[in-house]
Amino acid sequence: MDYFKEFFKGVWEKNPTFVLGIGMCPTLAVSTSVSNAIWMGIATTFVLIGSNILVSAIRNIVPSHVRIPIFITIIASFVIIVELTLKAYQPAVYKALGIFIPLIVVNCIILGRAEEFAAKNNIPASILDALGMGLGFTLNLTVLSIIREILGSNKLFGYTLIPGMKPALLMILAPGAFFTLGLLLWGMNVIKARTARFKRTE
Amino acid sequence: MEIKILFTILISTIFINNYVLSRILGLCPYLGVSKKLDSAIGMGLAVIFVMTIASFFTFIIYKFVLIPFHIEYLRTIAFIIVIASLVQLVEMVIEKISPALYQALGIFLPLITTNCAVLGVAVLNIDSGFITQEFGLLNSVVQGFGAGVGFTLALLLMAGIRERLEIAMIPENLKGLPITFITAGLMAMAFLGFSGMKIF
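Residues numbered from 1 in each chain as written. Chains lettered and ligands numbered in written order. Predicted model: local features only at pLDDT ≥ 70, side-chain atom pairs only at ≥ 80, totals over all residues.

## Observations concerning the overall build of chain A
Secondary structure summary: chain A contains 9 helices and 2 strands in total. Ordered by position from the N terminus, the helices and strands of chain A form the series α-α-α-α-α-α-α-α-β-β-α. Its C-alpha radius of gyration of 18 Å places chain A within 12% of the 17 Å reference for a compact globule of 202 residues. By its C-alpha atoms, chain A is 60 × 55 × 25 Å across when sized along the principal axes. Relative to its 202 residues, chain A shows a buried fraction of 43%. Pairs at least 24 apart in sequence give 74% of the contacts found in chain A among residues at least 6 apart. (Helix = DSSP H or I, 4+ residues; strand = E, 2+ residues; numbered from the N terminus. Rg over C-alpha atoms; globule rule 2.2 N^0.38 Å. Buried ≥ 20, exposed ≤ 12 C-beta atoms within 10 Å, placed from the backbone. Contact = placed C-beta atoms within 7 Å.)

Quick look at the structure:
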């Protein structure tokens, strides 16, 4: 098995949000600032790794008709671990992410990876898959949040960029999230079409 | 007095804090099922139904099971299991009682378990402090119903627009998801207008 490939497919080729189109809600809702985005990425990656390891470990004992409830219970347990840890050690982050921490449970990326990958592969491969997918998800969130934080609050990593300039508040509200993702997806389609045309002419 | 509060909750969940366009919850079904108006209606009705009863049951479980045993931290796991089994139960009951309704809603019901708006409304019912109020249960059921109606409203509007977009002239690369997101952004901007609204 090509472990390197398992890791990198989550970052580019099978990127969860931009290519597969899953896990949209947290991507859009949490990307209002870079620090929120990175914390959300870390939390989701942790849950992803934990659930992938456990699901992969029990993949031969679980009867296939009750596997979904079992997977969801496993995921929910890891989400509770994240919730309590953040509440205890990073209360500010816990408050900023709010309802989206319990909602990691219903993030389609995690159940999707458990069902599609971890239930069929051994533990090391599942860990790498989770790491890659988690990294891809975190990168997506970071890209979106950099754009939205610069335009929407005139800041980057919490530091003011141009003093005295009024930011476009719209960008950190819900419409800004939709516009940014729509335009990014458009840009990705343009790049894909260009490379396809370039390959054809070669 | 109580009617006034209920009305405020209803209007604010439908328009001001619309679950899709303002809180950004439940995007997967919103994008997935909004291609045709017929299926959007089915999905919307199923979501209203499940959200209302899910608010009822999660509130009861939180108040009479989790709080007395001091296990509030198990909220997430309890709610997701309640919602998943509830959806299963509703599916079986509808199949027995009304095959016609089952035909209309059937395929959408399993999808609702992973709709984050349903878990979202259950968690928000607890977070908005209804638990200590006198009519908390009624409030949270109304909030669940309103959230479902708001979701359906956004979904139907989007489905109507997307049916038109099918025949519109759009640049090749903008077709599909990108134009849908930009449309959703414009709709969210329109819904922002409600945020200045004062009730009473």
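## Considerations on helix α9 (residues 177-192) of chain B
Taking 1.5 Å as the rise per residue, α9(B) with 16 residues should run 22 Å; its terminal C-alpha atoms sit 22 Å apart, in good agreement. Within α9(B), the full set of buried residues consists of Pro178(B), Ile179(B), Thr180(B), Phe181(B), Ala184(B), Gly185(B), Met187(B), Ala188(B) and Phe191(B). Buried residues belonging to α9(B) abut α9 (174-201) of chain A together with α1 (2-16), α2 (27-32) and α8 (136-166) of chain B. (Expected span 1.5 Å × (residues − 1).)

## Examining the interface of chain A and chain B
At the junction of the two partners, chain A supplies 34 residues and chain B supplies 31 residues. At the level of secondary structure, the elements contributing two or more residues to the side of chain A that touches chain B comprise α3 (24-30), α5 (67-89), α7 (108-118) and α9 of chain A. Looking at which element gives the most residues to the side of chain A that touches chain B, the answer is α9(A), with 12 residues. Along the lines of polarity and charge, the residues of the side of chain A that touches chain B split into 28 nonpolar, 5 polar and 1 charged. (Nonpolar A, V, L, I, M, F, W, Y, C, P; charged D, E, K, R; others polar.)

## Quick look at the environment of Ile48(B)
All names here are of chain B. Along the polypeptide, Ile48 turns up in helix α3 (residues 37-66). Given 19 C-beta atoms within a 10 Å radius, Ile48 is considered partly exposed. Put simply, Ile48 and Gly146 are 98 residues apart on the chain and 8.0 Å apart in space, counted from C-alpha to C-alpha. The residues contacting Ile48, other than those within four sequence positions of it, are Phe145, Gly148, Val149 and Thr152.

## Overview of the packing of helix α4 (residues 75-97) of chain B against helix α7 (residues 116-127) of chain B
All names here are of chain B. For the pair α4 and α7, interaxial distance at closest approach is 10 Å and the crossing angle is 135°. Our classification of the angle between α4 and α7 gives oblique. Crossing of α4 over α7 shows right-handed handedness. Between α4, through Arg75, Phe79, Ile80 and Ile83, and α7, the contact on the second element is made entirely by Val118, Leu119, Ala122, Val123 and Ile126. Partitioning the contact of α4 with α7 into residue classes produces 8 nonpolar, no polar and 1 charged. (Axes fitted to C-alpha atoms, helices over the stretch in contact; angles between N-to-C directions. Parallel < 35°, antiparallel > 145°, perpendicular 65-115°, else oblique. Left-handed = near helix turned anticlockwise from the far one by under 90°.)

## Some details on the packing of α3(B) against α7(B)
Residues and elements named next belong to chain B. At their nearest, the axes of α3 and α7 sit 9 Å apart, and the two run at 40° to each other. Between α3 and α7, the interaxial angle falls into the category oblique. As α3 runs across α7, the sense of the crossing is right-handed. Side by side, α3 and α7 meet where Val50, Met51, Ala54, Ser55, Thr58, Phe59 and Tyr62 of the first sit next to Val118, Val121, Ala122, Asn125 and Ile126 of the second. Its residues assigned to classes, the contact of α3 with α7 comprises 9 nonpolar, 3 polar and no charged.

## Let's talk about the environment of Ser195(B)
Residue and element names in this part refer to chain B. Relative to the elements of secondary structure, Ser195 occurs in the segment after α9. You can call Ser195 exposed: it has 12 C-beta atoms within 10 Å. It is 20 Å that separates the C-alpha atoms of Ser195 and Ala117, two residues lying 78 residues apart in sequence.

## Some words on the nonpolar core
Ile75(A), Val118(B) and Leu119(B) are the most contacted members of the largest nonpolar core, which totals 104 residues. It is α8(B) that contributes the most residues to this core, 10 residues altogether. With sequence-adjacent residues up to four places away left out, Leu119(B) is seen in contact with Pro102(A), Leu103(A), Val105(A), Val106(A), Phe79(B), Ile80(B) and Ile83(B). (Core = buried A, V, L, I, M, F, W, Y, C linked by C-beta atoms within 7 Å.)

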